[in-house]
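Structural overview for review
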Amino acid sequence: QVQLVESGGGLVQAGGSLRLSCASSGRMLNYAMGWFRQAPGKEREFVATISQSGAVTYYADSVKGRFTISRDNAKNTVFLQMNNLKPEDTTVYYCAAGSRYPLLSDYQAAYWGQGTQVTVSS
């Protein structure tokens, strides 16, 4: 069983930056990792994913060039660096772990974190 715990969310002005972290209780090397986000009343949306080794990444068009996903397998942690944040990025962000890369959809994820709120003011 793997438990994922996100941190790093908060309130930031438009144009600012935040760095989300997701720590795993288990060995993360076995899993592709992903970040998703979900606004109230909306479906969960894919944001970014990274392969088990960290060599390959893929992003949603809405965040490409602004967000960077990375991982430190020695520390069992995955990160999401978010730059040039926009008010439309405001929502709850979740990390997820799955056995296969790319991790693009809910049904591919075996484990989820509890989420961290990101709020971007205009």
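Use the structure listed above.
Read on for an overview of the structure. What you see is a predicted model, and the numbers here were worked out from it, not measured in a lab.

With that settled, the discussion passes to the overall build of the chain. Within the chain one finds zero helices and eleven strands. In sequence order, the secondary structure elements of the chain are arranged as β-β-β-β-β-β-β-β-β-β-β. Expressed as a percentage of contacts within the chain between residues at least 6 apart in sequence, the contacts between residues at least 24 apart total 57%. For the chain, the exposed area adds up to about 6200 Å²; of that, 47% sits on carbon and sulfur atoms.

Taken across its six residues, strand β8 (residues 77-82) has five buried, putting it largely inside the fold. Sheet topology places strand β3 (residues 18-24) next to β8; six bridges connect them, and they run antiparallel. If you follow Leu18 over to β8, its bridge partner there is Met82. For strand β7 (residues 67-72) and β8, the ladder comprises six bridges, and the chain directions are antiparallel. Residue pairing for β8: Arg71 is matched across the bridge by Val78. If you look at the hairpin formed by β7 and β8, you'll find four residues sitting between the two strands, and Asn76 has a positive phi there, around 55°.

If you look at the biggest cluster of nonpolar residues, it comprises 33 residues, and the most contacted ones within it are Met33, Trp35, Leu80, Met82 and Tyr93. Only β3, β4 (32-38), β5 (45-50), β7, β8, β9 (91-98) and β11 (116-121) provide two or more residues apiece to this core. Once residues within four sequence positions are removed from consideration, Met33 is found in contact with Leu4, Cys22, Met28, Ala48, Thr49, Ile50, Ile69, Arg71, Val78, Ala96, Ala97 and Leu103.

Looking down a regular strand, the side chains alternate between one sheet face and the other. Only one face of strand β1 (residues 4-7) is buried: it carries Leu4 and Glu6, and the other face, with Val5 and Ser7, is open. Pairing between β1 and β3: four bridges, direction antiparallel. Note that in β3 the partner of Leu4 across the bridge is Ser24.

Quick look at the pattern of salt bridges now. Here the structure, examined in full by the defined rule, presents five salt bridges. Between Arg37 and Glu45 there is a salt bridge, with its nearest N and O atoms 2.9 Å apart. Among the residues examined, Glu45 registers a relative accessible area of 33% and is labelled partly exposed. For Asp89, the salt bridge goes to Arg66, with nearest N and O atoms at 2.7 Å. Within this pair, whereas Asp89 is found in the loop between β8 and β9, its partner Arg66 is found in the loop between β6 (57-59) and β7, the two being separated by 23 residues in sequence. For the pair shown, Asp89 and Arg66 are each scored as buried. A single salt-bridge network, built from bridges that share partners, covers Arg37, Glu45, Arg66 and Asp89.

Analysis parameters
- All residue numbers refer to positions counted from 1 along the written sequence of the respective chain.
- In keeping with the predicted nature of the model, local features appear solely for residues at pLDDT of at least 70, side-chain atom pairs appear and are counted solely at 80 or more, and the whole-chain, interface and lining totals rest on all residues.
- Based on all heavy atoms of the structure, the side-chain values leave hydrogens and waters out of the count.
- A helix here means a DSSP run of H or I that spans at least four residues, while a strand means a run of E at least two residues long, and both kinds are numbered starting from the N terminus.
- Whether two residues touch is decided by their heavy atoms; if any such pair falls within 4.5 Å, the residues are in contact.
- For the area figures, the Shrake-Rupley method with a 1.4 Å probe applies, and any residue is considered shielded solely by the protein chains shown.
- Exposure classes here rest on a 1.4 Å probe applied to the protein chains alone. A residue is buried below 20% of its type maximum, exposed above 50%, and partly exposed in between.
- A pair of strands counts as paired when DSSP detects no fewer than two bridges linking them.
- Put simply, a nonpolar core is a bunch of buried Ala, Val, Leu, Ile, Met, Phe, Trp, Tyr and Cys residues held in one set by side-chain atoms that sit within 4.5 Å of each other.
- Just to be clear on terms, a salt bridge is a Lys or Arg side-chain nitrogen sitting within 4 Å of an Asp or Glu carboxyl oxygen.

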